[in-house]
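Analysis of the macromolecular model
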2 protein chains.
Amino acid sequence: MSGKESDAMMELGTLHRERLEYLPRMPPLLRGAFNIRKGDITSAQHDAQEIRKVFPKLFGQPSIHIVQNRGDPVTVGEELKVGVVFAGGPAPGGHNVVCGLFDHLKERNVDSKVFGFLNGTSGLMSGTYIELFESSLARFRNQGGFHMLGSDRTKLETEADFERARKVAKELDLDGLVFIGGFDTNTNAMYAAENFKMHDVKTNVVSVPSTIDGDLRNQQLQTSIGFDTVTKVYAELIANLGYDAYSAKKSYHFCRLMGRHASHVALEVALQTRPNMCLLGEEVRRRRLTLAEITSEIADLICERAAVDKNYGVLVVPEGLIEFIPDVNDLLKELNELLAKGHNDRSTIVPELSESARATFSSLPNSIGTQLLFERDPHGNVQLSRIEVERLLIETVKKELGERKARGVYKGSFSAIPHYFGYEGRCALPTNFDCNYGYALGHTAGALLESSNSGYAVSVSDLTSAPEKWECGGYPLTMMMSIERRKGASGAVVNRSLVNLDGIAFKVFKEQRKNWRLTEDYRTSGPIQHFEQM
Amino acid sequence: MSGKESDAMMELGTLHRERLEYLPRMPPLLRGAFNIRKGDITSAQHDAQEIRKVFPKLFGQPSIHIVQNRGDPVTVGEELKVGVVFAGGPAPGGHNVVCGLFDHLKERNVDSKVFGFLNGTSGLMSGTYIELFESSLARFRNQGGFHMLGSDRTKLETEADFERARKVAKELDLDGLVFIGGFDTNTNAMYAAENFKMHDVKTNVVSVPSTIDGDLRNQQLQTSIGFDTVTKVYAELIANLGYDAYSAKKSYHFCRLMGRHASHVALEVALQTRPNMCLLGEEVRRRRLTLAEITSEIADLICERAAVDKNYGVLVVPEGLIEFIPDVNDLLKELNELLAKGHNDRSTIVPELSESARATFSSLPNSIGTQLLFERDPHGNVQLSRIEVERLLIETVKKELGERKARGVYKGSFSAIPHYFGYEGRCALPTNFDCNYGYALGHTAGALLESSNSGYAVSVSDLTSAPEKWECGGYPLTMMMSIERRKGASGAVVNRSLVNLDGIAFKVFKEQRKNWRLTEDYRTSGPIQHFEQM
């Protein structure tokens, strides 16, 4: 290390420096000479016929398992050129995927090259990249964020997009390309793999499951990188808020957690912290609760607590809750249609709504109604993501409690503080688990590319065992896809996993949550202790 | 421990359990036979004559220093009865003050008793308390929050309030009373000490500096408990947001930090994390910046960054910023006067404003103006604390950038996400420093009461040395007070300490901040590692 580099390192926080020295644990076979065992040919759980049509070249490939080679010595691998792209929101562990990939390829053949595309898929399309060296990775080992390369949400969509990507892949003579991201990214990786194959581009494409939302899990993928870290970061904060409510005894903390399409984060954090109430989108949908019913259930909790002189507590909701509420969803559909027809004034829109949608609309606080009508996304749709569900619920609950007070059935005082935890977790220092898991995924991605596989999600499983025993390999992305129909068009997409209301996590939650309503049995795990846990 | 208690302990998070076993470090002399050395008689820095009139019995007492007794063996102390009260917002380390006090008194005389008043000063007035035993403390050692007893913001104000407190003190036969809190609490403690002395109540009163805002520091008190912990908690989150901005490259994070009356938290967190910009109320006031000028300075930063293709970053502001802006402050004064005169309608209020106040009012985003007019505190005043300064600035900056774009001098894209960090830090697991400091303060409080001192702030100093070398004692609260005049009335209050714009911390900040504007040199210390640092 030069004097200047060493000064730069000293500028880093102590823990940052210490974590750079952490050696991720992983199955030792990834470092030795291993064999590739192919499983049976595969299909898709749903829509297999249609998915095969979308991916005629790559549909139905076998699963791939990396297994011990008990005879041969360590082999020297081929000289490979591999590109890597971060896509979508950052997730702790992402940097270790790149480090694992780099180390794998360089250990096999020191002349192999790794290129990092800058700022996501747009960097792939424009051919904006850097070649990675040990010095490029030095500050990023075991660190959070995606900022070594940057990320974006650009997708390869049009044939022109794919053509640009092919051109870059050919110019760089890429043997492989690794996408790190969530569904959209994994879906995109499959399209890229097929498209490259179709055009006889040699670049094999694999994808690594990375999303803090935890909704990229299925029979093939146990979890995504980042989920372990962020739920622990949020759990520390939520538990602190529980103790704050219990100390000051005058406020409810309404906490929104990330998770637009599924409530895994909220469920996991609730299990870790025991808030007085936690709503899950999936349950709201199954029970077909209206916004008024949800409001009423929260007000019931607050009345019960007020009856025992507790005008404080902590509630957790997933940010995507609104989209799971059937009546609000129906309203949104009608609004979007009216907006598409050119309506843009409250006075002309409201009378056009169906009776039930109008009732829902008028139950919304004024400010939220205005937001729904006037803040649109670039496609002209209502910007649901702008609605802060914790603030919406504070308003509707306040109104409901006011009415109950007028009827004499509620005598407490209600004060509520909104919170949103999301962005501050996405780039947190990864737990040892996410460091190990990301690193093993990176190595495995390298192994899959070495053996010329394309259209695979990289898989590391048996994750509750010690990292040395993890199973590594890959599953065809087509196994995890189904056909999504929207806006007239249809396409194959990687499935999102919702909270399984028949699963064990929800069952435990359902059994325990009644005990949390009236108590202050908040549980803290404190901040992540990086050198202690797995 | 009974089986049931042991089960309850197993239910706790691992780190929670581990921290229960942590043995705080402190000066060993607090455990042995020590002498009390009295310093010279004291005065007050300001308004000494008037303060003497307010506290005729206790003004001018000497400082007290606990010093090694090199001859005598450990003495057995008197049997004492001592009450303890949490008042104001929770601060990490508060539980250890109670534990230190309890341990000190019990080590000196096993028959001494400690009573914890419930839910703050209102528990003192109503005589609502629990006697504390080792079993009461067992779950709270080295833990965050004030929930062992609860807290509130009630003050002893009227003679009737003091009478109730005296009655409770006499009924419990209290030798001593310890208040744990910020200025208001320390001020209140001084009034209680004088009042008790005046009425020949034997209860001596001392106070322990506890506020996360860090504004209870002066020549006698080096810092308050909690500040060390919360700034580290917030710094972790702010650094994560820096990396998030740098990873996704599309948003500014506007972060509000606690600190209504002073900007110590924002300054400390900025020094730890290096955001692209951090505003400090004290500097805004000294420079007499208007809201428009602040907006313009933020917009300048955003334009400079946009010019090098960086449409992202992180900004930090203290929650009390608005109160430091002279023109907004003038507006608020006028609004409060008009509201007091019974005006309650925008159409009648606005024309009554002075020209400059009207200009300021019309520069505010609509929603903020409405908030100012319609949300009042119980005294009818504008509720400044409801204004979310990070959202206000996002609105004013957005407008300013829109105008610059129209003039062709700004070509970037502006997207901003508001954050507020406060409540989630107040009950965080205390750092070793706050554990040690709180525990030493508790012991010292016991020592001051043993030697029959009243009207003192408990002091532990030389805090940059190892805890074994800390100096312990007490300073008369009257030393730290001045006369505050408001609403026609005047009273003695403990002084608030603002950020010293001629001090070293600000100087370092001022030198370094220019380097932070265009870079992404965010620094993370990660989450607090509890068994590593002091």
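Residues numbered from 1 in each chain as written. Chains lettered and ligands numbered in written order. Predicted model: local features only at pLDDT ≥ 70, side-chain atom pairs only at ≥ 80, totals over all residues. Heavy atoms only, no water.

1. Looking at the overall build of chain A
Put simply, the rule is: By the criteria applied, helices consist of DSSP H or I runs no shorter than four residues and strands consist of E runs no shorter than two, each listed in order from the N terminus. What the globule rule says is 2.2 Å times the number of residues to the power 0.38, and the radius of gyration is computed from C-alpha atoms. Only protein chains enter the accessibility calculation, which uses a 1.4 Å probe. A residue is then buried if its area is under 20% of the maximum for its type, exposed if over 50%, and partly exposed in between. Contacts are assigned to residue pairs that have any heavy atoms within 4.5 Å of one another. The sign given to each residue is positive for Lys and Arg and negative for Asp and Glu; His and the chain ends receive no count. Think of each charge as sitting on NZ of Lys, CZ of Arg, CG of Asp or CD of Glu.
Across its full length, chain A holds 21 helices and 15 strands. For a compact globule of 534 residues, the expected C-alpha radius of gyration is about 24 Å, and chain A comes in at 25 Å, within 12% of that figure. For chain A, the spread of C-alpha atoms along the principal axes amounts to about 80 × 55 × 45 Å. For chain A, with 534 residues in total, the buried portion stands at 60%. Taking as baseline every contact in chain A between residues at least 6 positions apart, the subset at least 24 positions apart corresponds to 78%. Each charge class in chain A can be summarised by its mean position, and for the 63 positive and 68 negative side chains these summaries are 3 Å apart.

2. Some points on the UniProt feature "binding site: substrate" (unreviewed entry) in chain A
All names here are of chain A. What counts, and what does not: UniProt positions are given in the numbering used here, feature names are shortened, and annotations may be inferred rather than shown by experiment.
The residues that UniProt annotates with the feature "binding site: substrate" (unreviewed entry) are Thr211, Ile212, Asp213, Met258, Gly259, Arg260, Glu319, Tyr423, Glu424, Gly425 and Arg426. Residue position: Ile212 is located in the loop between strand S7 (204–209) and helix H9 (227–248). Here Ile212 falls in the buried class, since its relative accessible area comes to 5%. The contact partners of Ile212, leaving out residues within four places of it in the chain, are Pro90, Ala91, Pro92, Ile225, Gly226, Phe227, Val230, Tyr234, Met258, Val265 and Arg426. By the secondary structure assignment, Glu319 is in the loop between strand S10 (313–318) and helix H13 (321–324). A relative accessible area of 8% means that Glu319 is categorised as buried. Each residue touching Glu319, except ones within four places of it in the same chain, is listed here: Arg256, Leu257, Met258, Gly259, Arg260, Val389 and Tyr420.

3. Focus: the UniProt feature "binding site: diphosphate" (unreviewed entry) in chain A
Residue and element names in this part refer to chain A. As annotated in UniProt, the feature "binding site: diphosphate" (unreviewed entry) corresponds to Gly89 in the numbering used here. With respect to the helices and strands, Gly89 occurs in the loop between strand S3 (81–86) and helix H4 (94–108). Relative accessible area serves as the criterion here: at 18%, Gly89 is assigned to the buried category. Setting aside its immediate chain neighbours within four residues, Gly89 contacts Phe146, Arg153 and Arg426.

4. Here's the deal with the sheet that holds strand S9 (residues 277–278) of chain A
In a beta sheet, neighbouring strands pair by backbone hydrogen bonds and run either parallel or antiparallel. Residue and element names in this part refer to chain A. Worth spelling out the cut-off: By definition, two strands form a pair when at least two bridges between them are found by DSSP. For helices, the axis comes from a line fit to the C-alpha atoms of the stretch in contact; other axes are also lines fit to C-alpha atoms, and the angle between any two N-to-C directions lies between 0 and 180 degrees.
Read across the sheet, 4 strands follow the order S9-S10-S8-S11 without closing on themselves; strand pairing throughout is parallel. Unpaired on one side and paired on the other, S9 and strand S11 (416–421) mark the two borders of the sheet. With 6 bridges joining them, strand S8 (residues 252–257) and S11 adopt parallel strand pairing. Paired with Cys255 across the strands is His419, a residue of S11. Along the sheet face, H9 touches S8, S10 and S11 and points at about 170 degrees away from the line of S8. Against the sheet, helix H12 (residues 291–307) engages S8, S9 and S10, with an angle of about 145 degrees to S8.

5. Quick notes on the nonpolar core
So the rule is basically this: Only buried residues count toward a nonpolar core. Its members are Ala, Val, Leu, Ile, Met, Phe, Trp, Tyr and Cys residues joined through side-chain atoms within 4.5 Å.
Val178 and Tyr234 of chain A together with Val178 and Tyr234 of chain B are the most contacted members of the largest nonpolar core, which totals 154 residues. When near neighbours in sequence (up to four residues on either side) are disregarded, Tyr234 of chain B contacts Ile212, Leu257, Met258, Val265, Val269, Phe421, Gly422, Gly425 and Arg426 of chain B. The next biggest cluster of nonpolar side chains, apart from the first, holds 44 residues, and it includes Ile302, Leu315, Ile349 and Leu401 of chain B.

6. Some details on the domain arrangement of chain A
Frequently, the measure chosen for interface size is the accessible area that the parts lose on association. Residues and elements named next belong to chain A. Short version of the rule: As used throughout, domain bounds are those supplied by an automatic or database domain assignment. When two parts are brought into contact, each loses some accessible area as probed by a 1.4 Å sphere; the total of that loss over both is the buried area. Definition used for salt bridges: Asp or Glu carboxyl oxygen within 4 Å of a side-chain nitrogen of Lys or Arg. Whenever a nitrogen or oxygen atom comes within 3.5 Å of another N or O atom, the pair is scored as a polar contact, on the condition that within protein one atom can donate a hydrogen and the other can accept it, and that pairs from neighbouring residues in sequence are kept only if both atoms are in side chains. Under this grouping Gly is polar, as are all residues other than the nonpolar Ala, Val, Leu, Ile, Met, Phe, Trp, Tyr, Cys and Pro and the charged Asp, Glu, Lys and Arg.
Segmentation of chain A into domains returns domain 1 (45–226 + 430–494) and domain 2 (231–325 + 384–424 + 502–516). Look at where the C-alpha atoms of domain 1 and domain 2 centre, and you get two points 37 Å apart. Of the residues lining the interface, 6 residues belong to domain 1; the matching set on domain 2 comes to 9 residues. Summed over both partners, the interface of domain 1 with domain 2 buries about 560 Å², with 60% contributed by carbon and sulfur atoms. When residues of domain 1 are sorted by the area they lose upon contact with domain 2, Ile212, Asp213 and Asp215 head the list and together hold 70% of the total. Put simply, domain 1 and domain 2 have 0 salt bridges between them. At the surface where domain 1 touches domain 2, the tally comes to 0 residue pairs in polar contact (both at pLDDT 80 or more). Within the side of domain 1 that touches domain 2, the residues separate by chemical class into 1 nonpolar, 2 polar and 3 charged.

7. Quick notes on the pattern of salt bridges
Scanning all chains against the criterion turns up 59 salt bridges over all chains. Glu468 of chain A is the salt-bridge partner of Arg25 of chain A, the closest N and O atoms lying 2.9 Å from each other. You can see Arg25 of chain A sitting in the loop between helix H2 (14–20) and strand S1 (34–41) and its partner Glu468 of chain A sitting in the loop between strand S12 (456–461) and strand S13 (471–476), a full 443 residues away along the chain. Among the salt bridges present, the one from Glu297 of chain A reaches Arg287 of chain A, with a minimum N-O distance of 2.7 Å. Of this pair, Glu297 of chain A sits in helix H12 while Arg287 of chain A sits in the loop between helix H11 (281–286) and H12, placing them 10 residues apart in sequence. Judged by its relative accessible area of 42%, Arg287 of chain A is partly exposed. Taken together, the shared-partner salt bridges connect Arg256, Glu388, Glu390 and Arg391 of chain A together with Arg256, Glu388, Glu390 and Arg391 of chain B into one network.

8. Some details on the packing of aromatic side chains
The criterion, for reference: Each aromatic pair joins two rings of Phe, Tyr and Trp (for Trp, the six-membered one) with centres within 6.5 Å, and gets the label stacked for planes under 30 degrees apart, edge-to-face for over 60, and tilted for any other angle. Either the NZ atom of lysine or the CZ atom of arginine qualifies as a charge over a ring when it sits within 6 Å of the ring centre and within 35 degrees of the ring normal.
Counted under the stated rule, the structure contains 28 aromatic pairs over all chains. Judged by centre distance (6.3 Å) and plane angle (85 degrees), the ring pair of Tyr437 of chain B and Trp470 of chain B falls under edge-to-face. With Tyr437 of chain B in helix H20 (residues 432–450) and Trp470 of chain B in the loop between strand S12 (456–461) and strand S13 (471–476), the pair connects residues that are 33 residues apart, well separated along the chain. Under the relative-accessibility criterion, Tyr437 of chain B is labelled buried at 1%. Here Trp470 of chain B falls in the buried class, since its relative accessible area comes to 3%. Grouping aromatic residues by their ring pairs yields a cluster made of Phe115, Phe117 and Tyr129 of chain A. Geometry around Tyr420 of chain A places Arg256 of chain A over its ring, the cationic atom sitting 3.6 Å from the centre. Between the NZ or CZ atom of Arg305 of chain A and the centre of the ring of Tyr312 of chain A, over which it lies, the distance is 5.3 Å.

9. Some details on the packing of helix H4 (residues 94–108) of chain B against H20 of chain B
Residues and elements named next belong to chain B. The condition is simple: By the definition adopted for this analysis, an angle is roughly parallel if under 35 degrees, roughly antiparallel if over 145, roughly perpendicular if from 65 to 115, and oblique otherwise. The sense of a crossing depends on the near helix, which, turned anticlockwise from the far helix by less than a right angle, makes the crossing left-handed and, turned clockwise, makes it right-handed.
It is at 7 Å that the axes of H4 and H20 come closest, and there the two elements cross at 45 degrees. On the basis of their axis angle, the class for H4 and H20 is oblique. The hand of the H4/H20 crossing is right-handed. Facing Asn96, Val97, Cys99, Gly100, Leu101, Asp103, His104, Leu105, Glu107 and Arg108 of H4, the residues of H20 in contact are Cys435, Gly438, Tyr439, Gly442, His443, Ala445, Gly446, Ala447 and Glu450. In the contact of H4 with H20, the residues fall into 8 nonpolar, 7 polar and 4 charged.

10. Digging into the sheet that holds S13 of chain A
All names here are of chain A. Strand order in the open sheet formed by 9 strands is S1-S2-S13-S12-S7-S6-S3-S4-S5, and the pairing between neighbours is mixed. Each having just a single partner strand, S1 and strand S5 (129–131) make up the two edges of the open sheet. Pairwise comparison of adjacent strand axes, ignoring direction, gives a mean angle of 25 degrees for this sheet. Here S12 pairs with S13 via 6 bridges, running antiparallel. Bridging from a neighbouring strand, Ser461 pairs with Glu471 of S13. The sheet contacts of H4 involve S1, S3, strand S4 (113–117), strand S6 (176–181) and S7, and relative to S3 the element is tilted by about 175 degrees.

11. Here's the deal with the interface of chain A and chain B
Facing 51 residues of chain A, the contacting portion of chain B comprises 52 residues. Between chain A and chain B, roughly 4100 Å² of surface is buried when both sides are summed, and carbon and sulfur atoms account for 49% of that area. Per-residue buried area on chain A facing chain B is highest for His147, Ser247 and Glu424 of chain A; these three make up 14% of the total on that side. Summed over the shared surface of chain A and chain B, the result is 4 salt bridges. Counting across the interface, chain A meets chain B through 18 residue pairs in polar contact (both at pLDDT 80 or more). Secondary structure elements with two or more residues in the side of chain A that touches chain B: H2, H9, S11 and helix H19 (423–426) of chain A. The biggest single contributor to the side of chain A that touches chain B is H9 of chain A, with 9 residues.

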